[in-house]
Number of protein chains: 2
Amino acid sequence: MAYAEQYIEKLRKSGLRPTKQRIKICEVLFDAENTFHFTIKELVKIIENQANIKVSLATVYNTVHAFMRKGYLKEIPLNASQSYYDTNVTHHHHFFDEEENRLIDIHQDDVDEVNIKRTIPGKKIKSVEVIAKIVSDNQSQK
Amino acid sequence: MAYAEQYIEKLRKSGLRPTKQRIKICEVLFDAENTFHFTIKELVKIIENQANIKVSLATVYNTVHAFMRKGYLKEIPLNASQSYYDTNVTHHHHFFDEEENRLIDIHQDDVDEVNIKRTIPGKKIKSVEVIAKIVSDNQSQK
DNA sequence: TAATACATTATATTTATTCTAAACTGTTGA
DNA sequence: TCAACAGTTTAGAATAAATATAATGTATTA
Ligand SMILES: [Mn+2]
Ligand SMILES: [Mn+2]
Ligand SMILES: [Zn+2]
Ligand SMILES: [Zn+2]
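A brief structural summary. (Residues numbered from 1 in each chain as written. Chains lettered and ligands numbered in written order. Predicted model: local features only at pLDDT ≥ 70, side-chain atom pairs only at ≥ 80, totals over all residues. Heavy atoms only, no water.)

1. A short note on the sheet that holds strand E5 (residues 102-107) of chain B
As a reminder, the rule being used: Note on pairing: two strands pair once DSSP finds at least 2 bridges between them. Secondary structure elements are defined from DSSP: runs of H or I of at least 4 residues count as helices, runs of E of at least 2 residues count as strands, and each element is numbered from the N terminus. To define axes, lines are fitted to C-alpha atoms, for helices over the stretch in contact only, and angles between the resulting N-to-C directions are given on a 0 to 180 degree scale.
In spatial order, the strands read E5(A)-E4(A)-E6(A)-E6(B)-E4(B)-E5(B); together these 6 strands make up an open sheet with mixed pairing. Lying at the two open borders of the sheet, with one neighbouring strand each, are strand E5 (102-107) of chain A together with E5 of chain B. Taken pair by pair, the neighbouring strands of this sheet meet at an average axis angle of 30°, ignoring direction.

2. Quick look at the protein's contact with DNA strand D
Inclusion rule: If a single non-hydrogen atom of a residue is within 4 Å of a molecule or strand, that residue counts as near it. Polar contacts, as used here, are pairs of N or O atoms within 3.5 Å; protein pairs need one atom able to donate a hydrogen and one able to accept it. Residues neighboring in sequence count only if both atoms are side-chain atoms. Lys, Arg, Asp and Glu make up the charged group, whereas Ala, Val, Leu, Ile, Met, Phe, Trp, Tyr, Cys and Pro make up the nonpolar group; the residues left over, Gly among them, are polar.
Around DNA strand D, 16 residues are found, and the nearest of them are A:Tyr61, A:His65, B:Thr19, B:Arg22 and B:Lys54. Among all atoms of DNA strand D positioned within 4 Å of the protein, those belonging to sugar or phosphate total 84%. Within the contact set of DNA strand D, a phosphate oxygen lies 2.6 Å away from a side-chain nitrogen or oxygen of A:Tyr61. Take B:Arg22: an N or O atom from its side chain is 2.7 Å from a phosphate oxygen of DNA strand D. Secondary structure elements with two or more residues in the surface near DNA strand D: helix H4 (57-70) of chain A together with helix H2 (20-30) and helix H4 (57-70) of chain B. Take the surface near DNA strand D: its biggest share by element is 3 residues, from H4(A). Here the surface near DNA strand D is built from residues that sort into 4 nonpolar, 8 polar and 4 charged.

3. Let's talk about the relation of the copies chain B and chain A
Short version of the rule: The superposition of copies rests on a least-squares fit of C-alpha positions from residues with pLDDT of 70 or more in both. Only heavy atoms enter the contact rule, under which two residues are in contact if any of them lie within 4.5 Å.
Note on the copies: chain B fits chain A at an RMSD of 0.1 Å, the axial shift is 0.0 Å, and the rotation between them is 180°. Those values place the two copies in the arrangement expected of a two-fold rotation axis. Among all C-alpha atoms of chain B, that of B:Val130 lies closest to the rotation axis, at 2.3 Å. Comparing contact sets, 100% of the residues at the interface of chain B also lie at the interface in chain A, consistent with an isologous, same-surface contact.

4. Points about the protein's contact with DNA strand C
In the region of DNA strand C, 19 residues are neighbours, and A:Thr19, A:Lys54, A:Ser56, B:Tyr61 and B:His65 sit closest. The share of sugar and phosphate among atoms of DNA strand C within 4 Å of the protein is 83%. For the surface near DNA strand C, the elements supplying multiple residues, two or more each, are helix H2 (20-30) and H4 of chain A together with helix H3 (40-50) and H4 of chain B. The dominant element in the surface near DNA strand C, judged by the number of residues it contributes, is H4(B), at 4 residues. Looking at side-chain class alone, the surface near DNA strand C contains 7 nonpolar, 8 polar and 4 charged residues.

5. Quick look at the layout of surface pockets
Just so we agree on the cut-off: Points on a 1 Å grid over protein atoms alone make up a cavity when a 1.4 Å probe fits among them but cannot get out, and a pocket when they form an open set with protein on both sides within 12 Å along at least five of seven lines; lining residues each have an atom within 4 Å of a point. Grid points are joined across faces, edges and corners, and a volume is the space filled by probe spheres set on the points.
By volume, the largest pocket amounts to about 700 Å³. Lining the largest pocket are 27 residues; nearest its centre among them are A:Glu75, A:Ile76, A:Pro77, B:Leu78 and B:Lys133. Taken together, the elements giving at least two residues each to the lining of the largest pocket come down to strand E2 (74-76) and strand E6 (123-136) of chain A together with strand E6 (123-136) of chain B. Per-class residue counts for the lining of the largest pocket are 15 nonpolar, 4 polar and 8 charged. One number sums up the size of the second largest pocket: a volume of about 500 Å³. Of all the secondary-structure elements, those providing two or more residues to the lining of the second largest pocket are strand E2 (74-76) and E6 of chain B. When grouped by side-chain class, the residues that make up the lining of the second largest pocket number 8 nonpolar, 8 polar and 6 charged.

6. Concerning the pairing of strand E4 (residues 92-97) of chain A
Residues and elements named next belong to chain A. The following threshold applies: Exposure is judged per residue with a 1.4 Å probe applied to protein chains only, and the accessible area is read against the type maximum: over 50% gives exposed, under 20% gives buried, and values in between give partly exposed.
The buried count for E4 comes to 6 of 6 residues, which makes it a mostly enclosed element. Burial along E4 is two-sided: His 92, His 94 and Phe 96 facing one way and His 93, Phe 95 and Asp 97 facing the other are all buried. As paired elements, E4 and E5 share 6 bridges and run antiparallel to each other. Within E5, the position partnered with Asp 97 by the bridge is Arg 102.

7. Here's the deal with the packing of helix H1 (residues 3-13) of chain A against H2(A)
Residues and elements named next belong to chain A. What counts, and what does not: Just so you know how the angles are binned, under 35 degrees is roughly parallel, over 145 roughly antiparallel, 65 to 115 roughly perpendicular, and the rest oblique. It is the rotation of the near helix from the far one that decides the hand of a crossing: anticlockwise by less than a right angle makes it left-handed, clockwise makes it right-handed.
Their axes nearest at 10 Å, the elements H1 and H2 cross at an angle of 110°. The angle between H1 and H2 falls in the class roughly perpendicular. In this structure, H1 meets H2 at a crossing whose hand is right-handed. Taking contact as the criterion, the partners of Tyr 7, Ile 8, Lys 10 and Leu 11 in H1 are, on H2, Arg 22, Ile 23, Cys 26, Glu 27 and Phe 30.

8. Details of the packing of aromatic side chains
Quick note on the threshold: Only Phe, Tyr and Trp rings are paired, with Trp represented by its six-membered ring, and only when their centres lie within 6.5 Å; those with planes under 30 degrees apart are stacked, over 60 edge-to-face, the remainder tilted. A ring has a charge above it when a Lys NZ or an Arg CZ is no more than 6 Å from the ring centre and no more than 35 degrees off the ring normal.
For the coordinates displayed, the defined rule picks out 8 aromatic pairs over all chains. Each residue in the set A:Phe30, A:Phe67 and A:Tyr72 is aromatic and connected to the rest through ring pairs, giving one cluster. If you follow B:Lys10 out to its NZ or CZ, it ends over the ring of B:Phe30, 4.6 Å from the centre.

9. Concerning the interface of chain B and chain A
Cut-off, in case you're wondering: Here's the idea: put two parts together, see how much 1.4 Å probe accessible area each one loses, and the total over both is what we call buried area. Between Lys or Arg on one side and Asp or Glu on the other, a salt bridge is scored when a side-chain nitrogen of the former is within 4 Å of a carboxyl oxygen of the latter.
Taken together, the contact pairs 40 residues of chain B with 40 residues of chain A. Summing the contributions of chain B and of chain A, the shared interface buries around 3,600 Å²; its carbon and sulfur component is 54%. Viewed at the interface, chain A and chain B are joined by 10 salt bridges. The partner of B:Lys123 in a salt bridge is A:Glu100, and the shortest N-O contact between them spans 3.5 Å. Linking chain B with chain A are 27 residue pairs in polar contact (both at pLDDT 80 or more). Grouping the amino acids of the side of chain B that touches chain A by side-chain chemistry returns 17 nonpolar, 6 polar and 17 charged. Bridge count between E6(A) and E6(B): 13 bridges; the pairing is antiparallel. Across the sheet, residue A:Lys123 finds its bridge partner in E6(B), namely B:Ser136.

In structure tokens, the structure reads:
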């Protein structure tokens, strides 16, 4: 598979040598058919479940941070108690389902350009993110 | 001043008796000419500086949480390592100045209604928040 | 192979947050 | 008046995410 080479490429560009542990992390993060959102705890559990190798927490954190620095992962601040990370690094927005504690991507195309009619002198906008909180629609129709 | 009564009202509605410590917290939070953003650490420091009474961390956390439950304060998830709180509980958006680590309000009127062309079956949108990250505009004009 | 550079890991540390339990305060009613 | 009670404050302990450390392991290079 050419996958392994992609992982090695990503690791090298992140300044990391391609080791067994790091490639395993890449497999979980980037081999998925779809992008996904995760916490470090969840990532460690996924690795444990689908691999026969153990990867220490330090390695997971270090690798995730290296990928973030390089732009291969994004952090989504949602919750003060725990970081969420996103393997979808394209510009996009999110629904956050408060009942299921679940992030759902909204493609950039599905949100009209956000027009902010205010500027801060000496500053320019670097990025704009929308978070729409959603809840069950118990439309008790009369 | 009628302020004290407002505070007592807010405390009572939050299920808390108006004590010296809690009223002091209200003074800092709600007497300000303008609304503001703070971390718990900052709030404790403000109280220490402007009061002759000491308020324990536990009381500050408990009171802030009670006010959040009641909707007198909002939490702004920005940073995985520390919570930011907002005394502006109207619907509004934010600039986040990444260089100065500072939140700036954007009034709802200054952002065109965010139109999301996507729905999740069985769910409805409860709130929509925009965070625009800003950085110095070193427009090196040629 | 030997020297060196880099990685991994278990463990310790840090820090925000939450919990606990004891001391304190204000209210109530005999 | 004052004892009982409910609620409050507090210091300190516990928890848990994140980060740092330092010893051991592995790969690369000369
Ligand atoms: Mn909280
Ligand atoms: Mn981080
Ligand atoms: Zn996403
Ligand atoms: Zn605000």
